[in-house]
Amino acid sequence: MTHTNADLFARGQQVMPGGVNSPVRSFRSVGGTPYFVERAEGPYVWDVEGTRYIDFVQSYGPGILGHAHPAVTDAITAAATKGTSYGAPTLGEVELAERICDRIPGLEMLRLTSSGTEAAMSAIRLARGATGRNTVIKFAGCYHGHTDSLLAAGGSGIANQGLSGCDGVPPGAVADTIVAPFNVVPEIDETVAVVAVEPVAANMGLVAPAPGFLEGLREACDAAGAMLLFDEVITGFRLGYGGATEWYGVQPDVWAFGKVIGGGLPVGCYGASREIMGHISPLGGVYQGGTLSGNPLATAAGLATLDVLDRGAYTELERIAARLADGMTAAFDAAGLPASVPRIGPLVGLFFDEAVPSNFDEVQAIAENGIYPTFFHELLQRGVALAPGPYEILFPGLAHSDEVIDAALEAMREAAVATVG
Ligand SMILES: *Cc1c(COP(=O)(O)O)cnc(C)c1O
């Protein structure tokens, strides 16, 4: 063995805060030493010590086809031989933009970015520029990336670190941000530029929109002349073929996407109608750009991924997710471990309480009961990797065959019994 996880963690902590480049990976909220990944394929990751895990993290969403899908790696390899970034437009960007617009009802034009954070941040700037208003309403427990104005009560990104807010964000940066409880339509007045929401909250575990919530937001935004932003960075191209927009039949004014559309490479995008996107530079006065935006490797990976994700793929994804969620519920019942496993289409959550929470306060009370870290480690020891924090969801994908799901469920049955102790 050339390296151990413990050695790399010690070395990493000397040169990177927490030894990581994104906080949840540090295992802070579950304790212990993170596994350092050496390679991954399909439903599996292998760490540097040669241990194999069935992976339900899947990069927190991009790995919807499983790791190193041949169509994606072939596309990236072919693209790389033609150069990795030009600073000039390409066919791939046009095709990816067309493909995304085709699938999302009401989306006519978009701009590619390099992350979901940039997409959400830019969507907010667009809504403010287009309405000439400043106030942003967001919901507690919804995560929209790490831009200053959206970090207030931000769900998994900061909840996993036990932080209520974020140092270094000046009061001025959040002065125009109002945080409202998820699943209650807030009062929206004529100062509000935009109401930002994850149409299915997937950064505080999995919390479904209550019946009428999204429709209520649409109506209230219309009445006040405010824009509605769907942050579909997780739900887009995962919940279904046309994302949450198609699933719920509610159309926002502005969208943010990321994760799946980059096939594991750094991509995001934001978009709207042609009229609203006319505010974006060079057509309008809202500036936004990026050296690596529309990167040829990333667009190739995104196109290859969307090629696989036809309507039939979503039927299969939902079947896989149902097998997982039903099996988990049975495993927890059999062990006498109080838990709920909410599922919305292919999205699967996990709470160690019989009640299914409907907002961030309820989620936090459950997340802090201390069961998740115990179960997480019992399961990891048995070769199954969940996200190392109680505010994340599971990411079953097309690579999780019935055999793999059943092996994971066997491990979950044992881990549940061990957790009850
Ligand atoms: C992951 C995520 C983001 C941020 O995307 P990054 O690529 O990590 O910057 C934004 N919104 C939602 C809903 C997300 O899940």
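This is a predicted model, so every value here is computed, not measured. (Residues numbered from 1 in each chain as written. Predicted model: local features only at pLDDT ≥ 70, side-chain atom pairs only at ≥ 80, totals over all residues. Heavy atoms only, no water.)

Section: the site of the ligand
Surrounding the ligand, one finds S115, G116, T117, Y143, H144, G145, E198, N203, D231, V233, I234 and K259. A distance of 3.2 Å is found between a nitrogen atom of the ligand and a backbone nitrogen or oxygen belonging to Y143. N203 places a polar side-chain atom, nitrogen or oxygen, 3.0 Å from an oxygen atom of the ligand. Burial of the ligand by the surrounding chains reaches 83%, relative to a free accessible area of 380 Å². Its residues assigned to classes, the shell around the ligand shows three nonpolar, six polar and three charged. (Near = heavy atom within 4 Å. Polar contact = N/O pair within 3.5 Å; in protein donor to acceptor, adjacent residues only side chain to side chain. Areas by Shrake-Rupley, 256 points an atom, 1.4 Å probe, with all protein chains shown as cover. Nonpolar A, V, L, I, M, F, W, Y, C, P; charged D, E, K, R; others polar.)

Let's talk about the environment of A418
Counting through the fold element by element, A418 comes out in helix 14 (residues 402–420). For A418, a relative accessible area of 26% translates into the label partly exposed. Considered as a pair, A418 and A300 are 118 residues apart in the sequence and their alpha carbons are 44 Å apart. When residues no more than four places from it in sequence are discounted, the contact partners of A418 are E378 and R382. (Helix = DSSP H or I, 4+ residues; strand = E, 2+ residues; numbered from the N terminus. Buried < 20%, exposed > 50% of the residue type's maximum accessible area, 1.4 Å probe, protein only. Contact = heavy atoms within 4.5 Å.)

Considering the packing of aromatic side chains
Tallied over the full model, the rule gives 16 aromatic pairs. Ring centres of F27 and F376 lie 5.3 Å apart, and the angle between their planes is 80°; this geometry places the pair in the edge-to-face category. Here F376 lies in helix 13 (residues 371–381) and F27 lies in the loop between helix 1 (5–15) and strand 1 (37–41), a separation of 349 residues in the sequence. The pair F27 / F376 is uniform in exposure class, with both members buried. Among the aromatic side chains, those forming a connected cluster through ring pairs are F27, Y35, Y53, F332, F352, Y372, F375 and F376. Lying across the ring of Y44, R52 places its NZ or CZ 3.9 Å from the centre. (Phe/Tyr/Trp six-rings, centres within 6.5 Å; stacked < 30°, edge-to-face > 60°. Lys NZ or Arg CZ within 6 Å of the ring centre and 35° of its normal.)

With respect to the domain arrangement of the protein
Partitioning the protein into structural domains gives domain 1 (5–64 + 310–420) and domain 2 (70–308). The gap between the C-alpha centroids of domain 1 and domain 2 is 25 Å. Between domain 1 and domain 2, the contact holds 37 residues from the first and 35 residues from the second. Of the roughly 2,900 Å² buried between domain 1 and domain 2 on both sides combined, carbon and sulfur atoms contribute 64%. Between domain 1 and domain 2 we count one salt bridge in total. The salt bridge partner of E246 is R311, with a shortest N-O separation of 2.8 Å. The set of elements that each furnish at least two residues to the side of domain 1 that touches domain 2 consists of helix 11 (311–335), strand 11 (343–344), strand 12 (347–348) and helix 12 (360–367). Per-element tally for the side of domain 1 that touches domain 2: the top contributor is helix 11, with five residues. Here the residues of the side of domain 1 that touches domain 2 sort into 23 nonpolar, eight polar and six charged. (Domains from an automatic or database assignment. Buried area = accessible area lost by both parts, 1.4 Å probe. Salt bridge = Lys/Arg side-chain N within 4 Å of Asp/Glu carboxyl O.)

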